[in-house]
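Coordinate analysis (summary)
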Amino acid sequence: MVSGSGIFLGQTAGPVDPVTGLASPGIGPVDLRTTNTYTGIYALDTFDVTKAFSITGGGRFNVAQISLQDQLGTSLNGNETFNRFNPIIGATYKITPELTAYAGYSEANRAPTPLELGCADPVHPCIIAAFLVSDPPLKQVVSHHV
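From a predicted model like this one, the values you see are computed outputs, not experimental measurements. (Residues numbered from 1 in each chain as written. Predicted model: local features only at pLDDT ≥ 70, side-chain atom pairs only at ≥ 80, totals over all residues. Heavy atoms only, no water.)

Comments concerning the pairing of strand β2 (residues 53-70)
Spelled out, the test is: The criterion for strand pairing is that DSSP finds at least two bridges linking the strands in question. Working definition: helices are DSSP H or I runs of at least four residues, strands are E runs of at least two. Numbering for both runs from the N terminus.
Bridging between strand β1 (residues 32-48) and β2 involves 17 bridges; their strand directions are antiparallel. Bridged to Tyr42 within β2 is Arg60. Linking β1 back to β2 in an antiparallel pair, the connection comprises four residues. Across 16 bridges, β2 lies against strand β3 (residues 78-96) in antiparallel orientation. Its bridge partner lying in β3, Phe53 is registered against Tyr93.

Following this line, the structure appears as structure tokens:
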């Protein structure tokens, strides 16, 4: 069996913030357990308005639950839940039996990853050697498609 020397190369606490008077987390060992649970329900239907014109509508409701459990007690614990309904609407018009035109709009979302949630403070950005520090929560990313 080989054991380590107990020496940690790096800064264990960062510099003191002049505004808050608190030291930044700095570089240190991190042991974080994360659990991601994603749930969604989806519905879509097309309605024929005439023989040549149809409307499609629907959407998806997403729930993302992200749990961070700090195994060392360095304030990385967190539970975030992101909810979003993403709509979709479209219209199809049959110009000729062989030619159809479609136009639509839809939205999609992505919840932040555990790494992004643990590395979101612009005052104390993460560095490669210690990319998990206690930071404020982020919002989910939403895209719009036309």
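Considering the pairing of strand β4 (residues 99-110)
Taken together, the eight bridges between β3 and β4 define a ladder with antiparallel strand orientation. Each residue of the ladder has a partner; that of Ala91, found in β4, is Ala103. Where β3 folds back onto β4 in an antiparallel hairpin, the turn is made up of two residues.

Let's talk about the environment of Arg84
Quick reminder of the rule: Classification of residues uses two cut-offs on accessible area relative to the type maximum, computed with a 1.4 Å probe and protein chains only: under 20% is buried, over 50% is exposed, and between them is partly exposed.
Position of Arg84 among the secondary structure elements: in strand β3. Here Arg84 falls in the buried class, since its relative accessible area comes to 17%. Expressed as a C-alpha distance, the spacing of Arg84 and Phe61, which sit 23 residues apart in the sequence, is 5.7 Å.

Thoughts on the nonpolar core
Put simply, the rule is: Here, nonpolar core means buried Ala, Val, Leu, Ile, Met, Phe, Trp, Tyr and Cys residues that are tied together by side-chain atoms lying within 4.5 Å of each other. Here a residue-residue contact requires only that any non-hydrogen atoms of the pair lie within 4.5 Å.
Among the nonpolar cores identified, the biggest contains six residues, and these are Ala64, Ile66, Leu68, Phe82, Ala111 and Leu117. The biggest single contributor to this core is β2, with three residues. Apart from residues no more than four positions distant in its own chain, Ala64 is found in contact with Thr37, Tyr38, Glu80, Thr81, Phe82 and Ala111.

Describing the side chain of Asn86
Here is the rule we go by: Pairing of N or O atoms within 3.5 Å defines a polar contact, subject to two protein rules: one partner must be a possible hydrogen donor and the other a possible acceptor, and residues neighboring in sequence count only if both atoms are side-chain atoms.
Relative to the helices and strands, Asn86 resides in strand β3. Here Asn86 falls in the buried class, since its relative accessible area comes to 6%. Looking at Asn86, its side chain comes within polar contact range of the side chain of Asn109, at 2.6 Å. Setting aside its immediate chain neighbours within four residues, Asn86 contacts Gly58, Gly59, Arg60, Asn62, Glu107, Ala108 and Asn109.

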